[in-house]
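Descriptive structure summary
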Amino acid sequence: MYFSEFIAGWISGAVGLVVGHPMDTIKVRLQTQLKYRGIIDCMIKIYKHERIPGFFKGMSFPVLSVAVGNAVVFSSYSNALEFISQSQRSDRSSSPSSVEIFVAGCFSGAVQVLVMAPVDLVKVRLQNQSHPHQSVSGGGSGGPQYRGPVHCVASILRQEGVPGLYRGVGALALRDIPCYGLYFLPYELLCRTLTEEGHQPGTATVLVAGGCAGVVTWSCATPMDVVKARLQMEGVRGQRYGGVLACVRESVRAEGGAVLFKGLLANSVRAFPVNAVTFLTYESLLRGMQ
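Structural notes, computed from the coordinates.

Thresholds applied
Residues numbered from 1 in each chain as written. Predicted model: local features only at pLDDT ≥ 70, side-chain atom pairs only at ≥ 80, totals over all residues. Heavy atoms only, no water. Phe/Tyr/Trp six-rings, centres within 6.5 Å; stacked < 30°, edge-to-face > 60°. Buried < 20%, exposed > 50% of the residue type's maximum accessible area, 1.4 Å probe, protein only. Helix = DSSP H or I, 4+ residues; strand = E, 2+ residues; numbered from the N terminus. Lys NZ or Arg CZ within 6 Å of the ring centre and 35° of its normal. Expected span 1.5 Å × (residues − 1). Bend = angle between axes of the 7 residues up to and from the residue.

What about the packing of aromatic side chains?
For the structure shown, the criterion picks out 10 aromatic pairs. Between Tyr183 and Phe184, the aromatic rings sit 5.1 Å apart at their centres with planes inclined by 70°, giving edge-to-face as the arrangement. The pair formed by Tyr183 and Phe184 is uniform in burial state, with each residue classed as buried. Taking 6.2 Å as the distance between ring centres and 85° as the angle between the ring planes, the aromatic pair formed by Phe184 and Phe279 counts as edge-to-face. With Phe184 in helix H6 (residues 169-194) and Phe279 in helix H9 (residues 264-289), the pair connects residues that are 95 residues apart, well separated along the chain. With a relative accessible area of 1%, Phe184 lands in the buried category. Ring-pair connections join several aromatic residues into one group, and the members of that group are Phe74, Tyr77, Tyr180, Tyr183, Phe184, Tyr187, Phe279 and Tyr282. The aromatic ring of Tyr47 is capped on one face by Arg51, whose charged end is 5.5 Å from the ring centroid.

Quick look at the structure:
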């Protein structure tokens, strides 16, 4: 059973990543660069200078690794939920409580941070490379700082050592641990509400519940997501922060309180279809393998 959950999580993570990566690239650019006025402006400039491949920068590395991270999240969540539920109640047939779902989700978020911190760092670094595509005038001059994920990892290790791969891990933990608790909670509650007792959630229910769970989670995660992205880019463009609180303080002082919600719309637009597809793929594969 645990193996089935891992495989279903892996495949659903890969599907969700491919669906959402272009909007994720736009979100990262908005959070870390000041030259874009909004989603449309960012989209136009990326296409103008970098063409379609610009929207998929940084995807080659996480398409497998993020899928593994998703597998770890789903399998650790289901296993933690089963353990918590069984240890708290003698009646194993009753549904887990909201608190049990939240705690299990937080546990899966902690596991996700340990596994995925270096992968997320490399993804953000690659997504922030805005060098022109070779088909654009001037595209042949001045190549990218990183030639790919392997070169990016090697460069970080050479220049910053192993700790360099964990830049922003504190902000990542503050984002993922509570937000994964929120991620599974609305999904489980909506599935129960929209499904008749004794029946499995249907396709439409899973899509709606998964999409809503994604929007709720990313709405809460965006402020710390901004901080995480800025800490992960620390040193690349000369900007240095003294940690999470210093990053928040300096960002708010320079750009106002709204800076903590940069990329919120992009996150929300991306979150619904990505998480709807992710949950549907996961549930469908899990049922098929059981």
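There's more to say after this.
A look at helix H7 (residues 203-232)
The end-to-end C-alpha distance of H7 is 37 Å, clearly below the 44 Å that 30 residues give at a rise of 1.5 Å each. Maximum bend of H7: about 55°, positioned at Thr222, with proline Pro223 one to four residues after it.

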